[in-house]
Amino acid sequence: MEKASFVTFSKNVFIPVTNICRNRCGYCGFRREPGQPGARLMKPAEVISILKNGVRAGCTEVLFTFGEYAEEMPGYNLMLDEIGYSSTLDYLLFLCETAIETGILPHTNAGVMTRSELEALKPLNASMGLMLESTASLEAHKDCPGKIPERRLETIREAGKLQIPYTSGLLIGIGESREDRIESLEAITSLHREYGHIQEVIIQNFAPKPGTPMESFPEPTVEEMMDAVVLARHVLPSDVSVQVAPNLIDPKALIGKGVTDLGGISPLTIDWINPEAEWPDVRDLQKKLGDIPLRERLPVYPQYVKRGWYSERIGSLIERLSDNEGYRKQPAIENAEDLEK
Ligand code: SF4
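Residues numbered from 1 in each chain as written. Predicted model: local features only at pLDDT ≥ 70, side-chain atom pairs only at ≥ 80, totals over all residues. Heavy atoms only, no water.

Trainee: How would you sum up the UniProt feature "binding site: [4Fe-4S] cluster" (unreviewed entry) in the chain? Please name residues and give values.
Mentor: As recorded in UniProt, the feature "binding site: [4Fe-4S] cluster" (unreviewed entry) lies at Cys-21, Cys-25 and Cys-28. Structurally, Cys-25 is set in the loop between strand E1 (7-18) and helix H1 (44-56). You can call Cys-25 buried: its relative accessible area is 12%. Excluding anything up to four places from it in sequence, Cys-25 contacts Ala-140, His-141, Cys-144 and Lys-147. Following the sequence through the fold, Cys-28 ends up in the loop between E1 and H1. (UniProt positions renumbered as here; feature names shortened; annotations may be inferred. Helix = DSSP H or I, 4+ residues; strand = E, 2+ residues; numbered from the N terminus. Buried < 20%, exposed > 50% of the residue type's maximum accessible area, 1.4 Å probe, protein only. Contact = heavy atoms within 4.5 Å.)

Trainee: Give a detailed account of the packing of aromatic side chains, specifying residues and quantitative values.
Mentor: Counting across every chain of the model gives five aromatic pairs. An angle of 80° between the planes, with centres 5.7 Å apart, marks the rings of Phe-6 and Tyr-327 as edge-to-face. Of the two residues, Phe-6 sits in the segment before E1 while Tyr-327 sits in the loop between helix H11 (312-321) and helix H12 (332-340), which places them 321 residues apart along the sequence. Residue class for Tyr-327 comes out buried when judged on its relative accessible area of 14%. Pairing Tyr-85 with Tyr-91 gives two aromatic rings, centres 4.9 Å apart and planes at 40°, and the pair type is tilted. Pair check on accessibility: Tyr-85 and Tyr-91 agree, each one buried. Feature note: the residues Tyr-85, Tyr-91 and Phe-94 constitute an aromatic cluster, connected by ring pairs. (Phe/Tyr/Trp six-rings, centres within 6.5 Å; stacked < 30°, edge-to-face > 60°.)

Trainee: Let's hear about the state of the cysteines: which residues, and what values?
Mentor: Tallied over the full model, the rule gives zero disulfides. With no disulfide partner, Cys-59 has as its closest neighbouring cysteine sulfur the one in Cys-96, 16 Å distant. (Disulfide = S-S within 2.5 Å.)

Trainee: An account of the packing of helix H3 (residues 88-102) against H11 is needed here, citing residue identities and associated values.
Mentor: Packing of H3 against H11 brings their axes to within 10 Å, and their N-to-C directions diverge by 35°. At the point where H3 passes H11, the crossing takes the left-handed sense. Of the residues in H11, those in contact with Glu-97, Ile-100 and Glu-101 of H3 are Arg-313, Ile-314 and Leu-317. In the contact of H3 with H11, the residues fall into three nonpolar, no polar and three charged. (Axes fitted to C-alpha atoms, helices over the stretch in contact; angles between N-to-C directions. Left-handed = near helix turned anticlockwise from the far one by under 90°. Nonpolar A, V, L, I, M, F, W, Y, C, P; charged D, E, K, R; others polar.)

Trainee: So what's going on with the UniProt feature "domain: Radical SAM core" (unreviewed entry) in the chain? Residues and values would help.
Mentor: Mapped onto this numbering, the UniProt entry gives "domain: Radical SAM core" (unreviewed entry) at residues 7-247. Within the segment residues 7-247, helix and strand shares are 36% and 18% respectively, and the terminal C-alpha atoms sit 15 Å apart.

Trainee: Tell me about the side chain of Arg-152, residues and numbers included.
Mentor: Within the element layout of this structure, Arg-152 appears in helix H5 (residues 149-161). Residue classification places Arg-152 among the buried residues on the basis of a relative accessible area of 4%. Look past the residues within four positions of Arg-152 in its chain and what remains in contact with it is Glu-68, Val-112, Leu-130, Met-131, Leu-132, Glu-133, Gly-146 and Lys-147.

Trainee: Break down the pairing of strand E5 (residues 166-172) for me, with residues and values.
Mentor: In terms of burial, E5 is largely enclosed, as seven of its seven residues are buried. Because side chains alternate across E5, one face comprises the buried residues Tyr-166, Ser-168, Leu-170 and Ile-172, and the other comprises Thr-167, Gly-169 and Leu-171, equally buried. In the sheet, strand E4 (residues 127-129) pairs with E5 via two bridges, with the strands oriented parallel. Directly across from Met-128, in E5, lies its bridge partner Tyr-166. With H5 bridging E4 and the parallel E5, this β-α-β connection has right-handed handedness. (Pairing = 2+ DSSP bridges. Right-handed = clockwise from strand over helix to strand, strands pointing away.)

Trainee: Can you tell me about the site of the ligand, naming the residues and giving the values?
Mentor: All residues in the neighbourhood of the ligand are listed as Cys-21, Asn-23, Cys-25, Tyr-27, Cys-28, Phe-30, Arg-31 and Lys-147. Considering only residue class, the shell around the ligand consists of five nonpolar, one polar and two charged. (Near = heavy atom within 4 Å.)

Trainee: So what's going on with the pairing of strand E6 (residues 198-205)? Residues and values would help.
Mentor: Judged by how many residues are buried, E6 sits mostly within the fold: eight of eight residues are covered. As judged from the seven bridges shared by E5 and E6, these two strands associate in the parallel manner. The partner of Leu-171 across the bridge, within E6, is Gln-204. Taken together, E6, helix H7 (residues 222-235) and strand E7 (residues 241-243) constitute a β-α-β crossover, and its handedness is right-handed.

Trainee: Report on the side chain of Thr-108, specifying residues and quantitative values.
Mentor: Note on placement: Thr-108 falls in strand E3 (residues 105-109). Within the structure, the side chain of Thr-108 is placed 2.8 Å from the side chain of Asn-125, a separation counted as a polar contact. (Polar contact = N/O pair within 3.5 Å; in protein donor to acceptor, adjacent residues only side chain to side chain.)

Trainee: For H11, give the residues involved together with the corresponding values.
Mentor: Of the positions making up H11, those classed as buried are Ile-314, Gly-315, Leu-317, Ile-318 and Leu-321. Buried residues in H11 make contact with H3, E3 and helix H10 (302-307). Taking the backbone nitrogen of Arg-313 as reference, a side-chain oxygen 3.2 Å away marks Ser-311 as the first, capping residue of H11.

Following this line, the structure appears as structure tokens:
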């Protein structure tokens, strides 16, 4: 395989708006129910403070994550009520508006969604995402109405119809077979061929969390991850980026196998889904990658910036933050050069 001429990433803040979730994934250490220790719905002031700090630190992306359809959990509506909202969607719309006004681009990942929810969020998001995880029906997803593969594919399809630049991905090592991985990649490919909206596919390694039903489940080996990346690069169209998370796995060898993106890296906030795994410092990461330059992008990939797949509402911010190729103005290559000084 040809060596990547550069590898992209985005500088983000990670905001876990709520960890209340209707699903019960066997590997999840994030989810809580109302009333449990650690259950939370972030208050507007908490979010706004992170947004402001993110802009000051030069971040261009705010990743809003949620447990899925928290409203189905008894007690959650009271939590919403306390902050003055009657639905998660209304609260999220407010947060997206506030992010844009603050100068940072929203990327929402809130689980499966209906067409009307996607439609409401589209003008206020630079891109959106939903991990397919797998097309297989797995024990890890029992008791998870939102993890029915058809339901997830339907959300990704609706996002395509609405021309939303989109992120999806596979979770590797949760009980799926190699054939399941190929089928999952083919399913994403087929939606991309129809709608052209998949900008990246994350190949994420399962990392066991203490206290979860899958705490003793074996992690995928590096060889398995390499194979999954090779499969992804082989099956996915060449305009879809393959991403791994550099806080979960050493990306260097995987870049040689076809990885072209390292996702959101935050200088400020932790990975709330994998809190044990610290983000690398971008300069340290660049040193580690040696002659493979890192290049900063926005949450919307350059090809969609060029195609104008964004609303008027966020257009001026995207135009201000992007260079004439559609990447982040002041690309990280310059920062890499700074390292030498
Ligand atoms: S992984 Fe996501 S969908 Fe599954 S239980 Fe955790 S928060 Fe909910």
